[in-house]
Amino acid sequence: MKKVLTTPIKNEDIENINVGDVVYLDGYLITCRDVAHRRLIELGRELPVDLNGLAIFHAGPIVAKDDNGKWKMVSIGPTTSMRMEKFEKEFIKQTGVKLIIGKGGMGPETVEGCKNDKALHAVFPGGCAVLAATEVEEIERVEWQDLGMPESLWVSRVKNFGPLIISIDTKGNNLFEKNKAIFNEKKVAIVEDICKQVKFIK
């Protein structure tokens, strides 16, 4: 059955979602990346958007105005989540955000934050930025425009936003780290076999 998370997301909505699950998002999605994280955590500036129960996207979108002067999402692809690793644990604690979407995995600090304060990290497939834009129903407003288009907080309503692959769940599981361990274990025997077959090159 298709799993859809609808904002505001509650703890009970995500407690039975596990790494590797695929979910979709309905409701509010706010772009929030490097500088917004730094302003909150390092500079102590209050965010202009209440993120409690909502979802953020580590993304730098391309946005334009239509003929009526309304903002329209042109492209919205994920940026590398690991850049926010040193901020994310405290960010989750302070904001109450429940779903963090980005590219690639995140580390132990984010895992701890998701476990302690009940949140998820999910991966949006790379190369699908234009598709993602079609899942944005409306851009309601934009905050901190002084940061420029990529770093501004774009407050959007989305429908069936996804697919989103859960990489960190509320139980402390990390899909990327789990897969790394499996791959590294398999790699030893494979490398040994390859070295035997190409030893004549040395």
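Residues numbered from 1 in each chain as written. Predicted model: local features only at pLDDT ≥ 70, side-chain atom pairs only at ≥ 80, totals over all residues. Heavy atoms only, no water.

J.: Which residues make up the packing of helix 2 (residues 34-41) against helix 3 (residues 85-95), and what values go with them?
T.: At a minimum axis separation of 10 Å, helix 2 and helix 3 run at an interaxial angle of 65 degrees. Taken together, helix 2 and helix 3 sit at an angle that is classed as roughly perpendicular. Helix 2 and helix 3 meet at a crossing whose hand is left-handed. Residues His37, Arg38, Leu40 and Ile41 of helix 2 form the contact with helix 3, whose participating residues are Phe87, Glu88, Glu90, Phe91, Gln94 and Thr95. The residue inventory of the contact of helix 2 with helix 3, partitioned by class, reads four nonpolar, three polar and three charged. (Axes fitted to C-alpha atoms, helices over the stretch in contact; angles between N-to-C directions. Helix = DSSP H or I, 4+ residues; strand = E, 2+ residues; numbered from the N terminus. Parallel < 35°, antiparallel > 145°, perpendicular 65-115°, else oblique. Left-handed = near helix turned anticlockwise from the far one by under 90°. Contact = heavy atoms within 4.5 Å. Nonpolar A, V, L, I, M, F, W, Y, C, P; charged D, E, K, R; others polar.)

J.: Report on the UniProt feature "domain: Fe-S hydro-lyase tartrate dehydratase beta-type catalytic" (unreviewed entry) in the protein, specifying residues and quantitative values.
T.: Using the residue numbers shown here, the UniProt feature "domain: Fe-S hydro-lyase tartrate dehydratase beta-type catalytic" (unreviewed entry) corresponds to residues 5-178. Summarising residues 5-178: 25% helix, 32% strand, and an end-to-end C-alpha distance of 24 Å. (UniProt positions renumbered as here; feature names shortened; annotations may be inferred.)

J.: Explain helix 3 to me, and be specific about the residues and the numbers.
T.: Looking only at helix 3, the buried set comprises Glu85, Phe87, Glu88, Phe91, Ile92 and Thr95. Looking straight down helix 3, one finds that the buried residues subtend no more than 135 degrees of arc, so they occupy a single side. Turned more than 90 degrees away from the buried face of helix 3, the exposed residues are Lys86 and Lys93. At its buried positions, helix 3 is contacted by helix 2, strand 3 (55-57), strand 6 (99-102) and helix 4 (108-117). Positive backbone phi, approximately 75 degrees, marks glycine 96, located one or two places after helix 3. (Buried < 20%, exposed > 50% of the residue type's maximum accessible area, 1.4 Å probe, protein only. Arc of directions from axis to C-beta.)

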